[in-house]
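Letter by letter, the chains look like this.
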Amino acid sequence: MGEPSEPLEPLEPLEPADPVDPAGQADLAEQPEQPESSEAADPADPAEQPEQSESSEAADPVGPSEEPEPPDPHEQPEPPEQPEPSEQREPFEPSDQPEPSEKADQAEQPESSEPADPADPAVPAGPADAQGPGDTSELLESSESSESLESSDSPESADPWEPSDEEAAPDMVEEGEVAVEGEEAGEGPSEEEAGGDADSQDQAAGAAGAAGAAEGAPAAEEADQSPGRGLMGRLKDAVAAVRGQDKPTEVQSVVDRPDIHNPQALNARPDRYGNPLEREDGTRVPLFDGPPRREQTRQGGIGDCGMISTMGAVAGHLPDTIRDVVRERDDGAYEVTLHETKYAASRDRYEPTGRPVRLTVTSELPVFSEVPDRAAFARTAEVGVAWPAILEKAIAGVDQTWDDERRAKWDRQHPTADAGTQGYVRLDNGSYGNERAEVLTQLTGRPSSVVEFPSGYDMQGRSADRQLIEDIRGKLADNCPVLVGTVSRERSEAPLAKDLISGHAYEVTEVDDRGLFHLRNPHNINHPEELTVSEFKKYIKPSYVTLE
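Now for a description of the structure that goes with this document. Quick caveat, the model's predicted, so the values are computed rather than measured. (Residues numbered from 1 in each chain as written. Predicted model: local features only at pLDDT ≥ 70, side-chain atom pairs only at ≥ 80, totals over all residues. Heavy atoms only, no water.)

**Quick look at the environment of Ala376**
Examined against the element boundaries, Ala376 turns out to sit in the loop between strand E6 (365-367) and helix H10 (387-397). Sequence separation between Ala376 and Asp271 is 105 residues, and the spatial gap between their C-alpha atoms is 9.7 Å. Setting aside residues no more than four positions away along its own chain, Ala376 makes contact with Pro270, Gly300, Gly301, Pro366, Val367 and Phe368. (Helix = DSSP H or I, 4+ residues; strand = E, 2+ residues; numbered from the N terminus. Contact = heavy atoms within 4.5 Å.)

**Observations regarding the packing of helix H8 (residues 305-317) against helix H13 (residues 433-444)**
The contact between H8 and H13 brings their axes to 10 Å, and the two run at 35°. Crossing of H8 over H13 shows right-handed handedness. Between H8 and H13, the contacting residues are Gly306, Met307, Thr310, Met311 and Val314 on the first element and Glu435, Arg436, Val439, Leu440, Leu443 and Thr444 on the second. For the contact of H8 with H13, the class distribution of residues is six nonpolar, three polar and two charged. (Axes fitted to C-alpha atoms, helices over the stretch in contact; angles between N-to-C directions. Left-handed = near helix turned anticlockwise from the far one by under 90°. Nonpolar A, V, L, I, M, F, W, Y, C, P; charged D, E, K, R; others polar.)

**Digging into the nonpolar core**
Grouped together as the largest cluster of nonpolar side chains are 58 residues, with contacts concentrated most on Val336, Trp387, Ile390 and Leu391. Looking at this core element by element, the count peaks at seven residues for H10. Contacts of Trp387, omitting those with residues within four sequence positions, involve Leu287, Phe288, Pro292, Arg293, Gln296, Thr297, Met311, Ala315 and Ile322. One finds Ile472, Leu519, Leu531 and Val533 within the second-largest nonpolar core, a separate group that totals 20 residues. (Core = buried A, V, L, I, M, F, W, Y, C linked by side-chain atoms within 4.5 Å. Buried < 20%, exposed > 50% of the residue type's maximum accessible area, 1.4 Å probe, protein only.)

**Section: the pattern of salt bridges**
If you walk through the whole model with that rule in mind, you get 26 salt bridges. A salt bridge links Arg284 to Glu278, with the nearest nitrogen and oxygen atoms 3.1 Å apart. Arg462 is the partner of Glu470 in a salt bridge, and the nearest nitrogen-oxygen pair spans 2.7 Å. Take Glu470: its relative accessible area is 29%, and that puts it in the partly exposed class. On the basis of relative accessibility, which here comes to 17%, the residue Arg462 falls in the buried class. Salt bridges sharing partners connect three or more residues here, namely Lys342, Arg347, Arg349, Glu351 and Glu548. (Salt bridge = Lys/Arg side-chain N within 4 Å of Asp/Glu carboxyl O.)

**Some thoughts on unusual backbone geometry**
The phi dihedral of Asp499 falls on the positive side, at around 65°, and the residue is not glycine. Mapped onto the elements of the fold, Asp499 is located in the loop between strand E8 (482-485) and strand E9 (505-511). With a phi angle near 55°, Asn526 is a residue other than glycine that sits in the positive phi range. In this fold, Asn526 is placed in the loop between strand E10 (517-520) and helix H15 (533-539).

Okay, here's the thing in C-alpha cells:
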C-alpha cells in the first residue's frame, strides 16, 4: 500500500477515501467464494451428515469489535472491516511489499485481517497449517462452524438422511407368531415366525445410525486435491482422517455359546452345547467338501429360515464368497469374517462400511441331550459339511458387536420378543426382509436392498407382470441372490397352494422361459411347485431382497 501524500493544512485530517491499495483490491476480487455445499450434502458420505445437524454453532464474525478512532494525518488509514461470514474469502497475501515507513504505521493499527489462529472457523487453515491428531477438537469445531455457514446459503444442504416418521405397526399375534404389517416373515420347520422388510422402521434406524457415524463410519476416502475443492474441502478431509484414526480398523469378538433358551418356543429346543462335529472314529466333519452349494444348507429346529435361505443363495450364486468368509484354525476353532454393514437411508439400501467383523467361533454347537452327536439347528451329519452350522452360529453371535441403536432397532421390529434377546433365540424369532438384506451385505460386502414389486406400466410400455419376470430373471442372470417370503395365514385358514408354507422364507432359483418361478425351501425338502406370475404375486409378499 502506498504512503499518503502530505496534507497542505495539517490541522485538517485526511479523508480516507482509498484505505486499501488497488493491488490488494484486485487480489480480493480474484478470490471468489468457493462453496462446498455439494460436499456437505453428499449422501454417499455418512460421516458428513452429523456435522450438518450442528449448524447452529455459527462462526463468530471476524474483524475489529469496536470502531477505530479517526486516523492521525500522519498515520496510515484503518483497514476495512472483515466481510460477514456469508461473504467469506480465502486468505490472501499482498502483491507488493510495503515500504519501511508503512511498517511503522501498520504497527499502530488494530488486529490484522489475517488472524493468528489458523483454526479460526472463519478463516480455514490451508495445507501449510495442517493440524495433527492432537488438534482434533479445533478441527472439528472449525469444520462444523464452516458447514453451518454453507448450509444456510445452499439449497442442497437439506439433510438427505431425514427418516420417515412412520413405523410399521404389528398385526395381530397368535401363538407366539411375530407379524408386522407389510413385512416378510420367517419361521421354523414346525411353527411360523414372523418377519419382513420394515422399510419405515429401517429408515428411522438408518438415519439414527447416520447421526452416530463416528462409530463404524466408512473409512475416509482419499482426499481430492483438485483446486476446485478449495481449503474447506481439504479441511473436511483432514477432519475425516483424524476421526478415522480414533476407531479400530476391525471389529473382533469371540462367539462361544450364544443363547439357546427361548421361553416362547412352541416346540422343544436344544438344552445344551455339544461336539457333533467330532465323529466316533476320531475324525471331524470337514468344513468344506468341494465348492459350497446351496443344497448343503438345511434348516434345523429353529425359526431362522431367512438366514438359511440367504446362506444357501450366496453359496448357489457366489460359492467363493462362502470360502472367503469361513476358515478353520489350527486350534480347532473357526474364523468367520463378515463385512460391517450400515443402512444408508438416502439410498434406501444396506452398504458395507469397509471394516471387517472378525469372529472367532468355537466348535461347540447346540444339541439335544438325547442325540448329542447331531446338531440341533443347521444340519451337519445330513449334509456332510460344517460350514452352514458354523456360519449360522456366527450370525447368531454377531449381535455381540451391536451398538445400542442397532439393538433397540431389533427390539422395535420384534415387539413380542423379550427386550435384549440375543443369539439363537434372536434368530428363532424369524427375520424381516431388511434383516436378510443386512446379512446378504455382511456375507458379500456388496450393497443390498428390499425391492418392491412393480405396479403399472413403465416407460418402455412393459406391464407390471412383465417387469417382475424380467427384473428377477435379470438379477439371477447377474448372479444376484433373490429372496422372498410368503404371506401369513391364520392356522384356521386353508393352507397355501403349491406346497407353500405360510410365513416362510424362500430363495428364487429360476424364472424359466415360460415365466414360471422356481423356489427353494431352506428345509432342503418339499420344494414348492413352480408358480405363475399371478400365483407368485398372490402368495408372495410384494417385495424381494437382492444385491445391487
